[in-house]
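# Architecture and fold: a report
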Amino acid sequence: MSQKVGDRLKAVRSMYGLSQRELARRAGVTNSTISTIEQNRVSPSVDSLAKVLAGIPMSLIDFFTIDLDNGEEIFFKKEELVELSDGTMSMRLVGASRKDRKLRVLHETYPAGGDTGDNLIVQKGEEAGVIIRGKLEVTVGERVKVLGPGDAYYFNAEIPHRFRNVGDGECEVVSAATPPSY
């Protein structure tokens, strides 16, 4: 068990971006306490471990149950994004292979005049996005606004909505929706 505790502590500390010295300061213990636990030279008592974890902060239950490496991909090259378009625009899904996704992130590219179609979109949850380049007309219910680079939107996706590139060039958007509908 001490092997697992030391290894887990080092992995959790690293995951949170903390140095041994910073964790020791936050937890009110010496740097050598953190070091000896991580080197598996000592097996801390439950109380001592709880004190150290309070510096993260993290409960004992979370410490022992957190999945430090679930094997799922975290980073994706542009070639790995899954294309979902019908040919009129490009919608590339980030993390399509992740199990139990709770978020949909898209890299969208609309050609001049391109849009999401004649039918308004309605889905459960919320949707948000940031325009990277170009001009995007966003219609949400009765409200219509043209957004440019750096502008953003955020709305209840159950309200009928659509998107249309009203600029002369390509429009690029990064959007997110939860829960994911695809």
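As the structure is a computational prediction, the values presented were derived from the model and not from experiment.

## Quick notes on the sheet that holds strand S7 (residues 152-156)
- Across the sheet, which stays open at both edges, the six strands sit in the order S1-S2-S3-S9-S4-S7 with antiparallel pairing between neighbours. Each of the sheet's edge strands pairs with one partner strand only, and the pair in question is strand S1 (82-83) and S7.

## Looking at the environment of Gly17
- Topologically, Gly17 is positioned in the loop between helix H1 (2-15) and helix H2 (20-27).
- Under the relative-accessibility criterion, Gly17 is labelled exposed at 65%.

## Here we look at helix H3 (residues 31-38)
- All buried positions along H3 are accounted for by Ile34, Ser35, Thr36, Ile37 and Glu38.
- In the segment just after H3, Asn40 is the residue with positive phi, at about 60°.

## A short note on the sheet that holds strand S8 (residues 161-165)
- With antiparallel pairing, three strands are arranged side by side in an open sheet as S6-S5-S8. Two strands bound the open sheet, and with one partner strand each, they are strand S6 (143-147) and S8. Pairwise comparison of adjacent strand axes, ignoring direction, gives a mean angle of 15° for this sheet.
- As defined by bridge partners, strand S5 (residues 136-140) adjoins S8 across five bridges and the pair is classed as antiparallel. Of the residues in S8, the one forming a bridge with Leu136 is Asn165.

## Points about the UniProt feature "domain: HTH cro/C1-type" (unreviewed entry) in the chain
- Taking the numbering used here, the UniProt-annotated feature "domain: HTH cro/C1-type" (unreviewed entry) corresponds to residues 9-63.
- Secondary structure across residues 9-63 divides into 65% helix and 0% strand, with the first and last C-alpha atoms of the span separated by 8 Å.

## A few points about the packing of aromatic side chains
- On inspection of all chains with the given rule, the structure shows four aromatic pairs.
- Relative to Phe163, the ring of Phe155 has its centre 6.4 Å away and its plane inclined at 40°; by these criteria the two rings are tilted.
- Classification of Phe163 by relative accessible area gives buried; the value is 2%.
- Counting every residue linked through ring pairs, the aromatic cluster contains Tyr153, Phe155 and Phe163.
- The aromatic ring of Phe63 is capped on one face by Arg8, whose charged end is 5.9 Å from the ring centroid.

Parameters and conventions
Residues numbered from 1 in each chain as written. Predicted model: local features only at pLDDT ≥ 70, side-chain atom pairs only at ≥ 80, totals over all residues. Heavy atoms only, no water. Pairing = 2+ DSSP bridges. Helix = DSSP H or I, 4+ residues; strand = E, 2+ residues; numbered from the N terminus. Buried < 20%, exposed > 50% of the residue type's maximum accessible area, 1.4 Å probe, protein only. Axes fitted to C-alpha atoms, helices over the stretch in contact; angles between N-to-C directions. UniProt positions renumbered as here; feature names shortened; annotations may be inferred. Phe/Tyr/Trp six-rings, centres within 6.5 Å; stacked < 30°, edge-to-face > 60°. Lys NZ or Arg CZ within 6 Å of the ring centre and 35° of its normal.

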